[in-house]
Amino acid sequence: WADIDPQGALNFANHLSNKKDRRTAISVIISDWTANDATAAAAWAKQLRAGPFRNEVLHDVITGMAGVDPQAALALYRSSGAEPATFEYPFQLLSPIFGAWAEKDPIEAAQAAAQLPLGDRRIAREIIASSWAGIDPQAAMAWARTIPNSDEKNLAIQNILSQWSRTDPAGAAEWIRQMPEGSA
């Protein structure tokens, strides 16, 4: 049913009395719809009345889009006007976008993050740092050290070291030992 009439399936799911069942059904329907036609799912989500239901749908669409087209997911995020009442906004929306993007192309993700407003940029850089550190901690650290804002730089370095120390504690410790005293 959701493949044939996703809007009808969503309207039905939104009226389920059990909140957990409702959320699960909506998430499954949106996930399938986004996989089949992300543009239509995004357009439908954006036209919904502001509130928790719209926010949940936007979250699911953005999450579904992020793995396939993080640029489109970011564009949807930036144009969505989602409200913070439903989730830890904007972290829960930026996390799937920049997590997936950093796994595919961390340099491009970092360039996109640099264009965001301060709050979003800080969150995006933290996410990129953690994701990139799981792939190539040395390259992630080289990038983090180029961040001009010292607070953002320090947060990125902390995230990289945290991830790095979980996957390669000896490598992380050696990197720290080689740093000049007082530098970051």
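Scroll up to find the structure this text is about.
**Some words on the nonpolar core**
Here is step 1: With 56 residues, the main nonpolar core has Val57, Val61, Leu74, Ile97, Phe98 and Trp143 as its most contacted residues.
Here is step 2: Take this core: its biggest share by element is eight residues, from helix α2 (residues 19-47).
Here is step 3: Ignoring any residue separated from it by four or fewer positions in sequence, one finds Val61 in contact with Ile30, Thr34, Ala41, Ala42, Ala45 and Leu76.

**Some points on the packing of aromatic side chains**
Here is step 1: As enumerated under the stated definition, the model contains four aromatic pairs in all.
Here is step 2: Taking 5.6 Å as the distance between ring centres and 50° as the angle between the ring planes, the aromatic pair formed by Trp33 and Trp44 counts as tilted. Both residues of the pair, Trp33 and Trp44, belong to the buried class.

**Some points on the environment of Ala113**
Here is step 1: Structurally, Ala113 can be placed in helix α6 (residues 106-114).
Here is step 2: Taking C-alpha positions, Ala113 is 38 Å from Leu16, a pair spaced 97 residues apart along the chain.
Here is step 3: Apart from the residues lying within four places of it in its own chain, the contact partners of Ala113 are Phe98, Arg121, Ala124, Arg125 and Ile128.

**Topic: helix α5 (residues 91-104)**
Here is step 1: Here α5 is 14 residues long and its end C-alpha atoms lie 19 Å apart, about the 20 Å a rise of 1.5 Å per residue gives.
Here is step 2: Turning to α5, its buried residues are Leu93, Leu94, Ile97, Phe98, Gly99, Ala100, Trp101 and Ala102.
Here is step 3: In this fold, the buried residues of α5 make contact with α3 (52-66), α4 (70-80), α6 and α7 (118-135).

**A word on the packing of α2 against α3**
Here is step 1: At a minimum axis separation of 8 Å, α2 and α3 run at an interaxial angle of 75°. With respect to their mutual orientation, α2 and α3 come out roughly perpendicular. On the side of α2, the interface is formed by Arg23, Ile26, Ser27, Ile30, Thr34, Ala38, Ala41, Ala42, Trp44, Ala45 and Lys46, while α3 contributes Phe53, Arg54, Glu56, Val57, Leu58, His59, Asp60, Val61, Gly64 and Met65.
Here is step 2: Residue composition of the contact of α2 with α3, grouped by class: twelve nonpolar, four polar and five charged.

**A closer look at the pattern of salt bridges**
Here is step 1: Under the counting rule described, the total for this entry stands at five salt bridges.
Here is step 2: Its salt-bridge partner being Asp60, residue Arg23 comes within 2.9 Å of it at the nearest N-O pair. Of this pair, Arg23 sits in helix α2 while Asp60 sits in helix α3, and the two are 37 residues apart along the sequence.
Here is step 3: A relative accessible area of 26% means that Arg23 is categorised as partly exposed.
Here is step 4: In this structure, Glu152 and Arg121 form a salt bridge, with 2.8 Å as the shortest nitrogen-oxygen distance. One end of the pair, Glu152, is in helix α9 (residues 150-167); the other, Arg121, is in helix α7, and 31 residues separate them in sequence.
Here is step 5: Judged by relative accessible area, Glu152 falls into the buried class, the value being 2%.
Here is step 6: One salt-bridge network, in which partners are shared between bridges, spans Arg23, Glu56 and Asp60.

Conventions and cut-offs
- Residues numbered from 1 in each chain as written.
- Predicted model: local features only at pLDDT ≥ 70, side-chain atom pairs only at ≥ 80, totals over all residues.
- Heavy atoms only, no water.
- Core = buried A, V, L, I, M, F, W, Y, C linked by side-chain atoms within 4.5 Å.
- Buried < 20%, exposed > 50% of the residue type's maximum accessible area, 1.4 Å probe, protein only.
- Helix = DSSP H or I, 4+ residues; strand = E, 2+ residues; numbered from the N terminus.
- Contact = heavy atoms within 4.5 Å.
- Phe/Tyr/Trp six-rings, centres within 6.5 Å; stacked < 30°, edge-to-face > 60°.
- Expected span 1.5 Å × (residues − 1).
- Axes fitted to C-alpha atoms, helices over the stretch in contact; angles between N-to-C directions.
- Parallel < 35°, antiparallel > 145°, perpendicular 65-115°, else oblique.
- Nonpolar A, V, L, I, M, F, W, Y, C, P; charged D, E, K, R; others polar.
- Salt bridge = Lys/Arg side-chain N within 4 Å of Asp/Glu carboxyl O.

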